[in-house]
Amino acid sequence: MTKTKAAIFISGRGSNMMALVEAAKVPDFPADFVVVVSNDPAAKGLEWAQSQGIEALAVDHKAYGKDREAHERAIDAALRERGVEFICLAGYMRILTPWLVEQWQGRMINIHPALLPDFKGLHTHERALEAEVKEHGATVHWVTPGVDEGEIIAQARVPVFADDSAEKLAARVLIEEHRLYPAAVRKVLANYSSGNKSAS
Ligand code: GAR
């Protein structure tokens, strides 16, 4: 089968990145993760990627000051040099500029730790507890200019218990994220290999 060359963007520990890389070890997985990109050279996940034989590329946003687009142009150029066709954002904690989104729209997906459209943005577990929801979860969605607003690809749900802390809830959601993200990549790229390169 033809595999789609893909990049994973991280900013920290990279547990979702690890789940994607592990899932991609089976021969029929439709993506080949060729590079892991981080805006933070100290991101823990970079070392792990390297230990798996995957290129770990730090493009430090601090080097670009306030010019967010220049930072993203540098990343974009690196991706194009490597023939990357698809991006999975996996705990990438920077809001993307409209420029980068435009370059990759229809070829870039994100995982968000909440059941979108509820709880866009940060601190989703704390906010879910405050709102006393009975159910929480994670969403994989297409990346569009509006933050956490793109079309939903897949969701995973978990119960919220009366004695939950944000940490307990986050851990329960994270287990589901690790199942959900590889499944969502499979779903999306199954479409790709049948020739639909701009599915969204
Ligand atoms: C994950 O829970 C992911 O859904 C979330 O950050 C965590 C990263 O963990 N992403 C966002 O909040 C994006 N706005 P990881 O580095 O262990 O995958």
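Located above this text is the structure these notes cover.
All of the points below concern the structure found in this document. (Residues numbered from 1 in each chain as written. Predicted model: local features only at pLDDT ≥ 70, side-chain atom pairs only at ≥ 80, totals over all residues. Heavy atoms only, no water.)

### A look at the pattern of salt bridges
Scanning all chains against the criterion turns up eleven salt bridges. A salt bridge links Arg82 to Glu55, with the shortest nitrogen-to-oxygen separation between them at 2.7 Å. You can see Arg82 sitting in the loop between helix H3 (68-81) and strand S4 (86-89) and its partner Glu55 sitting in strand S3 (residues 55-58), a full 27 residues away along the chain. The partly exposed category is assigned to Glu55, whose relative accessible area is 31%. Of the charged contacts in the structure, one is a salt bridge between Arg179 and Glu176, with a shortest N-O distance of 2.7 Å. In this pair, Arg179 and Glu176 both sit in helix H6 (residues 166-193), three residues apart, roughly one turn of the helix. (Salt bridge = Lys/Arg side-chain N within 4 Å of Asp/Glu carboxyl O. Helix = DSSP H or I, 4+ residues; strand = E, 2+ residues; numbered from the N terminus. Buried < 20%, exposed > 50% of the residue type's maximum accessible area, 1.4 Å probe, protein only.)

### What about the site of the ligand?
Near the ligand you find Arg13, Gly14, Ser15, Asn16, Gly91, Met93, Ile111, Pro113, Leu174 and Glu177, and these make up its full shell. Here an oxygen atom of the ligand sits 2.9 Å away from a polar atom, N or O, in the main chain of Gly14. Considering the ligand on its own, with 450 Å² of exposed area, one finds that the protein chains cover 87% of that surface. At a threshold of 2 Å from the grid points, most atoms of the ligand map onto the largest pocket. At the level of secondary structure, the elements contributing two or more residues to the shell around the ligand comprise helix H1 (15-23) and H6. In terms of residue class, the shell around the ligand is made up of four nonpolar, four polar and two charged. (Near = heavy atom within 4 Å. Polar contact = N/O pair within 3.5 Å; in protein donor to acceptor, adjacent residues only side chain to side chain. Areas by Shrake-Rupley, 256 points an atom, 1.4 Å probe, with all protein chains shown as cover. 1 Å grid on protein atoms, 1.4 Å probe; cavity = no way out; pocket = protein on both sides within 12 Å on 5 of 7 lines; lining within 4 Å. Sits in = over half its atoms within 2 Å of the grid points. Nonpolar A, V, L, I, M, F, W, Y, C, P; charged D, E, K, R; others polar.)

### Re the nonpolar core
With 41 residues, the main nonpolar core has Ile8, Phe33, Phe86, Ile109, Tyr181 and Val185 as its most contacted residues. Per-element accounting of this core gives the leading share, nine residues, to H6. The residues touching Phe33, leaving out its near neighbours within four places in the chain, are Ala6, Ile8, Leu20, Val21, Ala24, Ile54 and Cys88. Listed in part, the 20 residues of the second largest apolar core include Val59, Ile75, Tyr92 and Val101. (Core = buried A, V, L, I, M, F, W, Y, C linked by side-chain atoms within 4.5 Å. Contact = heavy atoms within 4.5 Å.)

### Focus: the layout of surface pockets
Put simply, the largest pocket is a space of about 940 Å³. Gly91, Tyr92, Met93, Ile111 and Pro113 are the residues nearest the centre of the largest pocket, which is lined by 39 residues in total. Of all the secondary structure elements, the ones that give two or more residues to the lining of the largest pocket are H1, strand S5 (108-112), helix H5 (124-130), strand S6 (135-142) and H6. No other element matches H6, which puts four residues into the lining of the largest pocket. Looking at the lining of the largest pocket residue by residue, the class counts come to 18 nonpolar, 16 polar and five charged. (Points joined across faces, edges and corners; volume = space filled by probe spheres on them.)

Fair warning: the whole summary comes from geometry, so function is off the table for now.
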